[in-house]
Amino acid sequence: MAGISTGPMAGKTVLVTGGTGGIGKATAARLAAMGARVGITGRDIARTRAVAAEIAAASGNPAVDPFPADMSSQAEVRRLAGEVLAAYPRLDVLVNNVGGFWATRRLTADGLERTFAVNHLAPFLFTCLLTGRLKASAPARIVTVSSGAHAAGKIDFGDLQGERRYSGQRAYSQSKLANILFTYELARRLDGTGVTATVLHPGVVRSGFAAEDPSPMLKLFLPLIRLFLKTPEKGAATSIYLASSPEVEGVTGTYFADSKPRASSPASRDTAAAARLWQISLDLVARTA
Ligand SMILES: NC(=O)c1ccc[n+]([C@@H]2O[C@H](COP(=O)([O-])OP(=O)(O)OC[C@H]3O[C@@H](n4cnc5c(N)ncnc54)[C@H](OP(=O)(O)O)[C@@H]3O)[C@@H](O)[C@H]2O)c1
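About the cut-offs
Residues numbered from 1 in each chain as written. Predicted model: local features only at pLDDT ≥ 70, side-chain atom pairs only at ≥ 80, totals over all residues. Heavy atoms only, no water. Helix = DSSP H or I, 4+ residues; strand = E, 2+ residues; numbered from the N terminus. Rg over C-alpha atoms; globule rule 2.2 N^0.38 Å. Buried < 20%, exposed > 50% of the residue type's maximum accessible area, 1.4 Å probe, protein only. Contact = heavy atoms within 4.5 Å. Areas by Shrake-Rupley, 256 points an atom, 1.4 Å probe, with all protein chains shown as cover. Lys, Arg positive; Asp, Glu negative; His and termini not counted. Charge placed at Lys NZ, Arg CZ, Asp CG, Glu CD. Pairing = 2+ DSSP bridges. Axes fitted to C-alpha atoms, helices over the stretch in contact; angles between N-to-C directions. Parallel < 35°, antiparallel > 145°, perpendicular 65-115°, else oblique. Left-handed = near helix turned anticlockwise from the far one by under 90°. Nonpolar A, V, L, I, M, F, W, Y, C, P; charged D, E, K, R; others polar.

Caption draft 1: Molecular detail of the overall build of the protein. Secondary structure summary: the protein contains nine helices and eight strands in total. Computed over its C-alpha atoms, the radius of gyration of the protein comes to 17 Å, within 12% of the 19 Å expected for a compact globule of 289 residues. Within the protein, the fraction of its 289 residues that count as buried is 55%. Relative to all contacts within the protein whose residues are 6 or more apart in sequence, the contacts with residues 24 or more apart total 77%. When the accessible area of the protein is evaluated, it comes to approximately 12,300 Å², of which 57% is carbon and sulfur surface. The positive charge centre, built from 33 side chains, and the negative charge centre, built from 22, are 3 Å apart in the protein.

This is the structure in structure tokens:
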């Protein structure tokens, strides 16, 4: 079943990762209100179900589906993809929104550094697993939420997982640069398939961002600047635009902010680095296949 029968997204099916809070929840809510069938992911079963029900009630669109999964685990990403493929015979839009900042270095169940695993490898693997369904549903879109923080990022191929040196900010900026390298490489690989790949900076948004494990600096400054930040609804605007607007039909391999194409950093346009990161990512997910 698609979403409700009216609205600009009627008949479309959309999956938003990290749809239980912040920017992802606002994205899912708006796309549901526009008539799409919408799936959301989140780590906690009860919260994911409750938010799906809340979005359904608020949007008047009953077609909002909870997909609980902890995407820091590759086994969970594989299970999640299997459930999405079983539930959705077509998939028009994938919004790779899950991501976070963690001040402390932690390892995931797969023994990988958490920021790299959640912010980059999870959307990499999830997208690879869903690409066949997106191609079969073309024209389709893959929208990935990066950050302006990518501009400070460097892909440290010698220490991708911060084993020698870790800082939350470095790991975060690297992962958000990886989101853009991934998107540009994906766009090249999907050329001619009718599936587009775009990437965006949502702005600085009042959300649950960094709340789990903030750095001392964020702990100090976030409460002071919180009121001046974008609401999640405003922060979701570019994701919603890229997921739904006819204006960006066919637009691929492009970075956006404020619903406008923008230049991303020189490092993000390094095609050799993008190809190298793609191969390393494939190797890292192959270990759990
Ligand atoms: N906020 C900003 O100022 C800002 C700026 C630039 C870019 N961004 C990017 O925007 C995206 C969304 O961030 P946000 O600010 O909306 O953060 P948020 O409020 O913390 O929301 C994060 C979402 O991801 C889910 N999530 C976190 N870890 C997960 C995991 N391991 N598996 C599955 N789901 C997980 C959370 O769900 P549960 O907690 O229910 O699991 C929640 O739905 C991120 O990619 C972030 O890097 C944010």
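Okay, back to it.
Caption draft 2: Fine view of the sheet that holds strand S7 (residues 254-257). With mixed pairing, the eight strands of this open sheet are ordered in space as S3-S2-S1-S4-S5-S6-S7-S8. Taken across any chain shown, the strands that pair with only one partner, and hence form the sheet edges, are strand S3 (64-68) and strand S8 (260-262). For this sheet the average axis-to-axis angle between neighbouring strands, irrespective of direction, equals 25°. The sheet contact formed by strand S6 (residues 195-201) and S7 spans four bridges and is parallel. Bridging from a neighbouring strand, Val199 pairs with Tyr255 of S7. On the sheet, helix H4 (residues 114-136) packs against strand S1 (13-16), strand S4 (93-96), strand S5 (140-145) and S6 and is oriented at approximately 175° with respect to S4.

Caption draft 3: Representation of the packing of helix H3 (residues 74-87) against H4. At a minimum axis separation of 10 Å, H3 and H4 run at an interaxial angle of 25°. For the element pair H3 / H4, the angle class is roughly parallel. The crossing of H3 and H4 is right-handed. Between H3 and H4, the contacting residues are Gln74, Val77, Arg78, Leu80, Ala81, Val84 and Leu85 on the first element and Leu121, Ala122, Leu125, Phe126, Leu129, Leu130 and Arg133 on the second.

Caption draft 4: The packing of H4 against helix H9 (residues 271-286), seen in detail. Packing of H4 against H9 leaves a shortest axis separation of 10 Å and a crossing angle of 85°. Here H4 is positioned roughly perpendicular relative to H9, judged by the angle of their axes. From H4, Phe116, His120, Leu121, Phe124, Leu125 and Cys128 reach across to H9, where they touch Leu277, Trp278, Ser281, Leu282, Leu284 and Val285. Looking at side-chain class alone, the contact of H4 with H9 contains ten nonpolar, two polar and no charged residues.

Caption draft 5: Main features of unusual backbone geometry. A cis amide bond links Ala138 with the next residue in sequence, Pro139, at an omega value of 5°. Inspection of the secondary structure puts Pro139 in the loop between H4 and S5. For Ser259, which is not a glycine, the phi torsion comes out positive at approximately 60°. Residue position: Ser259 is located in the loop between S7 and S8.

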